[in-house]
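# Chain and residue survey
Letter by letter, the chains look like this.
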Amino acid sequence: MFLINLDHVGIAVNDLDAALEEYERQYRIQRVHRQVVKSQGVEEAMIAVGGSHIQLLQPLSDDSPVAKFLAKRGEGLHHVAYAVPDIEAALDHLRAEDVELIDDTPRIGGGDRRIAFVHPKALAGTLIELVESP
Ligand code: MC0
């Protein structure tokens, strides 16, 4: 299958500590991990929800894509991430379908996994992240 799982849903927040505290208070969630991903300009916190995750994203600087998103739209749904078995094959397929990619080649994301983004203009205004999960 092309998409094997809903890996995570990314949510942009202004204050990671405050958002985590609210998730814990309101939903009694369990944190999985927290990590600074310098290459993406974010600090992320992953929350396990069944077989999937919520990823809270706080920008590290004003030029981070998440900072730009927060300035324009405020806190909220930033992207949907799908697991794919072979990220190069997935990108080849999307290129063949003339889908607008942000990343031509994979980059390294949280948890040192290989990721690639697809432009929100390609489908229903949703930023899509592909995450390789062999
Ligand atoms: C921007 N747009 C979005 C959007 N960000 N639409 C839906 N969801 C988003 N997250 C829309 C804007 O509203 C605008 O639409 C158009 O896209 C261009 O936006 P812009 O503000 O001019 O911004 P750009 O073009 O400079 O950049 C947008 C783009 C960028 C999506 C290309 O943010 C990007 O490259 N994102 C991929 C990397 C990323 O987001 N990294 C952070 C997560 P209108 O209609 O006004 O033209 S890192 C992560 O998640 C890692 C840690 C991981 O999971 O492992």
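Summary of the structure given here.

Procedures and definitions
Residues numbered from 1 in each chain as written. Predicted model: local features only at pLDDT ≥ 70, side-chain atom pairs only at ≥ 80, totals over all residues. Heavy atoms only, no water. Near = heavy atom within 4 Å. Polar contact = N/O pair within 3.5 Å; in protein donor to acceptor, adjacent residues only side chain to side chain. Areas by Shrake-Rupley, 256 points an atom, 1.4 Å probe, with all protein chains shown as cover. 1 Å grid on protein atoms, 1.4 Å probe; cavity = no way out; pocket = protein on both sides within 12 Å on 5 of 7 lines; lining within 4 Å. Sits in = over half its atoms within 2 Å of the grid points. Helix = DSSP H or I, 4+ residues; strand = E, 2+ residues; numbered from the N terminus. Core = buried A, V, L, I, M, F, W, Y, C linked by side-chain atoms within 4.5 Å. Buried < 20%, exposed > 50% of the residue type's maximum accessible area, 1.4 Å probe, protein only. Contact = heavy atoms within 4.5 Å. Patch = residues over 30% accessible without salt bridge, like charges linked within 9 Å, V, L, I, M, F, W, Y side chains within 5 Å. Salt bridge = Lys/Arg side-chain N within 4 Å of Asp/Glu carboxyl O. Lys, Arg positive; Asp, Glu negative; His and termini not counted. Charge placed at Lys NZ, Arg CZ, Asp CG, Glu CD. Arc of directions from axis to C-beta.

## Examining the site of the ligand
- Within the structure, the ligand sits among 26 residues, and Q55, K68, R73, G110 and E129 are positioned closest to it.
- Within the contact set of the ligand, an oxygen atom lies 3.5 Å away from a side-chain nitrogen or oxygen of H8.
- Note that a nitrogen atom of the ligand is positioned 3.3 Å from one of the side-chain N or O atoms of Q40.
- Expressed as a share of its isolated accessible area of 1,000 Å², the protein-covered part of the ligand is 76%.
- Cavity membership is defined here by more than half of the atoms lying within 2 Å of grid points; on that basis the ligand lies in the largest pocket.
- Ranked by residues supplied to the shell around the ligand, first place goes to helix 2 (residues 65-73) with six residues.

## Things to note about the nonpolar core
- Core analysis: the largest hydrophobic core is formed by 11 residues, namely V9, I11, V13, L16, A19, L20, I29, A45, I47, I54 and L56.
- Mapped onto this core, the elements with two or more residues apiece are strand 1 (5-12), helix 1 (16-27), strand 3 (42-49) and strand 4 (52-59).
- Considering each element in turn, this core owes the most residues, three residues, to helix 1.
- Contact partners of L20, with chain neighbours within four places excluded, come to R31, R34, A45, I47 and L56.
- Residues I87, A90, A116 and I128 belong to the second largest nonpolar core, which totals 10 residues.

## Details of a positive patch on the surface
- On the surface, a cluster of positive charge is contributed by K68, K72, R73 and K121.
- Secondary-structure assignment places K68 in helix 2.

## Comments concerning the environment of V66
- As for its placement among the helices and strands, V66 is situated in helix 2.
- Residues V66 and Q40, 26 residues apart in the sequence, show an inter-C-alpha distance of 8.8 Å.
- Excluding residues within four positions of it along the chain, V66 makes contact with A12, V42, L57, P59 and H78.

## Re helix 2
- When we look at burial in helix 2, the residues that qualify are V66, A67, F69 and L70. The buried residues of helix 2 occupy one face: seen down the axis, they fall within an arc of 160°. Exposed and oriented more than 90 degrees from the buried face of helix 2 are P65, K68, A71 and K72.
- One or two steps after helix 2, the chain reaches G74, where phi turns positive at roughly 80°.

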